[in-house]
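Notes for the structure review
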Amino acid sequence: MKRGAVLLAALLLTGLTTATTTAAAEPAIGWQPCGTNVDCATIPVPIDYAHPATGTIDLAIARTRATGERQGTLVYMPGGPGDSGVNRLLGGNVVPPAVAERFDIVSYDPRGTNRSHPVVCDPTLVANLPNFVPETGARLADLQEYARDLGNSCRRDTGPLVDHIDNVSVARDIDSIRAALGERQITLYGRSYGTLAGQMYAENFPRRVRGLVLDSVFDHGLDPTRFAVTEARTGEDAFGEFAKWCAADAGCVLHGQDVGQVYGDLFDRAARGELPVSAFELVQAVLNTFYTPHWSDTAELLRQLSGGPATLAADEPAPFPLAAFCADHRVRLSSQGEWEAMWRKQTEAAPTMRAHFAFAALTLCSAWPAATPNPQHRTHVARSVPPVLIMNSLHDPATAYEWAQDVNRQIDRSVLLTYDGWGHGITNRTDCTKAVFTDYVVNGRPPRPGTHCAAG
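**Considering the pattern of salt bridges**
For the structure shown, the criterion picks out 19 salt bridges. Between Asp 109 and Arg 115 there is a salt bridge, and its shortest N-O distance comes to 2.9 Å. Measuring nitrogen to oxygen at the nearest pair gives 2.7 Å for the salt bridge that ties Arg 354 to Asp 268. Separated by 86 residues along the polypeptide, Arg 354 in the loop between helix H12 (336–349) and helix H13 (357–365) and Asp 268 in helix H8 (residues 259–271) bring together distant segments of the chain.

Here it is in structure tokens:
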């Protein structure tokens, strides 16, 4: 895992139109082959859409063409913050084959990440995160000073874009892509943090939406404390599912042991500085193994760390996705007592895991020296938008199932598909989830309310 950088990376028509269309006439996008059946290009987009004279950046985009009779364009919105849509397309299909047959799949590297003018900060500061655990002496004032120093280095090394990397700006970039492709409407598919871009697109460009899939959905309507608590609770639930597996499966390398106690001892040692990782790096590493999930990897990680010499792999830490998260989250923490109260509430929600990396991100956002153009709010989608498909696993370690239920309530006429299993991202999990996704995208048919897909 990336030490530091990845830690804090840690919503009137009755259906969709389904008519087959010929390829839209495109302006001169400079597509060039960049992989097997993948074309890449860049398009210029304003740094600040409200003040275009501020300048432009080159937004990296990629495309795979429909393999059969073309029906339209689907835009894939990558998660993170910090994931690369270009890399996702270069790595293979992000949609079931029946969708790839009918749709051009287009994606992008979100502004401020990867090939799209990445936010770059002081690498020494990024690689040396301070202590976030109050019981071992962490002080809010020190963390806020660190946040200001780090954020100022991002501004120095990145420029004015640092104030314009929120998801409303990302939604405007998506519409710039749509316009450059010459499409009247697009189908959108977001995963994880990319679902926030999808919600913002539907809010701001409702008549451009042919369909919208939100897979492992982000709830932007939460205040900071509720955000921290629900994140901690869903991480705790995921750990509980791992613990049940390890107790039942003799193949678990910790079979017969109290894995909660093993983890708790490691957390305490990490918080005291007795491990080569911090407490929050431990939390992030364990949660990462729940995304697929790879429970055998979870057990092996805990076993190795208990033995002493194991470390977590470190990558180059300079690009820093926290800046994008803070652009979408306004956090006000005015005292040590207020901060510690938020800590206690999240630890009460996660007595085994003890914390979630979201707590660290929220802490730094409380003093981040950049604008928050898209503060938290409930998603408001016009009724002219076709029914939205929300998909979530019951035991998601990152985007809580209760978030999916909440966003389902926020978006009128949306439908929630529940995957009765584990992991983060469910579109390609099983034949059932693939079939629901495909039927919605290709035929315009959302599932019935209350539909479930069995764990597989």
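**Details of the sheet that holds strand S7 (residues 209–215)**
Strand order in the open sheet formed by 10 strands is S1-S2-S3-S5-S4-S6-S7-S8-S9-S10, with mixed pairing between adjacent strands. Strand pairing shows two members of the sheet lacking a second neighbour, strand S1 (32–35) and strand S10 (452–454), which therefore form its edges. With strand direction ignored, the average angle separating the axes of adjacent strands in the sheet is 25°. Taken together, the 3 bridges between S7 and strand S8 (residues 389–395) define a ladder with parallel strand orientation. Across the sheet, the residue bridging to Asp 215 is Met 391, located in S8. Across the face of the sheet, helix H5 (residues 167–181) comes into contact with strand S2 (38–46), strand S3 (56–64), strand S4 (72–77), strand S5 (103–108) and strand S6 (186–191) while running at roughly 140° to S5.

**Let's talk about the nonpolar core**
One finds Ile 174 and Phe 242 to be the most contacted residues of the largest nonpolar core, which totals 121 residues. Element by element, the count of residues in this core is highest for helix H7 (residues 224–248), at 9 residues. When sequence neighbours within four positions are dropped, the list of residues in contact with Phe 242 reads Val 259, Phe 290, Trp 295, Thr 298, Ala 299 and Leu 302. By size, the runner-up hydrophobic cluster in this structure holds 27 residues, among which are Ala 62, Val 436, Phe 437 and Val 442.

**Digging into empty space enclosed by the protein**
Where empty space is left in the structure can be found by rolling a water-sized probe over the atoms. Put simply, the largest cavity is a space of about 130 Å³. Surrounding the largest cavity, 16 residues form its lining, Pro 81, Pro 110, Asn 167, Val 170 and Tyr 193 being those nearest its centre. When contributions to the lining of the largest cavity are tallied by element, the ones reaching two or more residues are H5 and helix H6 (194–204). Class assignment for the residues of the lining of the largest cavity results in 9 nonpolar, 5 polar and 2 charged.

**Looking at the state of the cysteines**
Here a disulfide denotes one covalent bond, and it connects the sulfur atoms of two cysteines. For the structure on display, the rule yields 5 disulfides. Between Cys 246 and Cys 252 runs a disulfide, and the two sulfur atoms are separated by 1.9 Å. Disulfide Cys 246-Cys 252: torsion about the S-S bond near -70°, hence left-handed. Accessibility classification places Cys 246 together with Cys 252 in one group, the buried group.

**Topic: the confidence of the model for the protein**
Across the protein, the average pLDDT comes to 92, with 91% of residues at 70 or higher. Under a pLDDT of 50 for its full length, residues 314–318 has, in the predicted model, 16 contacts with residues more than four places off or in other chains.

**Considering the environment of Gln 304**
Tracing the sequence through the fold places Gln 304 in helix H10 (residues 295–307). Along the primary structure Gln 304 and Gly 260 are separated by 44 residues, whereas in three dimensions their C-alpha atoms are 15 Å apart.

**Here's the deal with the packing of aromatic side chains**
Within the structure shown, the criterion is met by 22 aromatic pairs. Ring geometry for Trp 245 versus Trp 295: centroids 6.0 Å apart, planes at 35°, classification tilted. Of this pair, Trp 245 sits in helix H7 while Trp 295 sits in helix H10, placing them 50 residues apart in sequence. Side by side, Trp 245 and Trp 295 carry an identical accessibility label, which is buried. Put simply, the rings of Phe 239, Phe 242, Trp 245, Tyr 263, Phe 267, Phe 290, Trp 295 and Trp 422 touch in pairs and so form one group of aromatic residues.

Rules of the game
- Sequence order as written defines the numbering, with residues in each chain counted from 1.
- This being a predicted model, a pLDDT of at least 70 is required before a residue's local features are given, and a value of 80 or more before pairs of side-chain atoms are given or counted; all residues contribute to the totals for chains, interfaces and linings.
- Here the side-chain values reflect all heavy atoms present in the structure, with hydrogen atoms and water set aside.
- The term salt bridge refers to a side-chain nitrogen of Lys or Arg lying within 4 Å of a carboxyl oxygen of Asp or Glu.
- By definition, any uninterrupted DSSP run of H or I lasting at least four residues is a helix, any uninterrupted run of E lasting at least two residues is a strand, and each is numbered from the N terminus.
- By the convention used here, strands pair only if DSSP detects at least 2 bridges between them.
- Structural elements are reduced to axes, namely lines fitted to C-alpha atoms, with helices fitted over the stretch in contact, and the angle between N-to-C directions of any two is expressed from 0 to 180 degrees.
- Residues count as neighbours in contact if any of their non-hydrogen atoms are within 4.5 Å of one another.
- Side-chain atoms within 4.5 Å link the members of a nonpolar core, which is a set of buried Ala, Val, Leu, Ile, Met, Phe, Trp, Tyr and Cys residues.
- When accessible area is computed with a 1.4 Å probe and restricted to protein chains, residues below 20% of their type maximum are described as buried, those above 50% as exposed, and intermediate ones as partly exposed.
- Using a 1 Å grid laid over the protein atoms alone, points where a 1.4 Å probe fits but cannot get out form a cavity; open sets with protein on both sides within 12 Å along at least 5 of 7 lines form a pocket; any residue with an atom within 4 Å of a point counts as lining.
- Grid points are joined across faces, edges and corners, and a volume is the space filled by probe spheres set on the points.
- Under the scheme applied, nonpolar residues are Ala, Val, Leu, Ile, Met, Phe, Trp, Tyr, Cys and Pro; charged residues are Asp, Glu, Lys and Arg; polar residues are all the others, including Gly.
- By definition, disulfides here are pairs of cysteine sulfur atoms that lie within 2.5 Å.
- The score called pLDDT rates the predictor's confidence residue by residue, from a low of 0 to a high of 100.
- Two aromatic rings from Phe, Tyr or Trp, using only the six-membered ring of Trp, form a pair when their centres are within 6.5 Å; if the ring planes differ by under 30 degrees the pair is stacked, by over 60 it is edge-to-face, and anything between is tilted.

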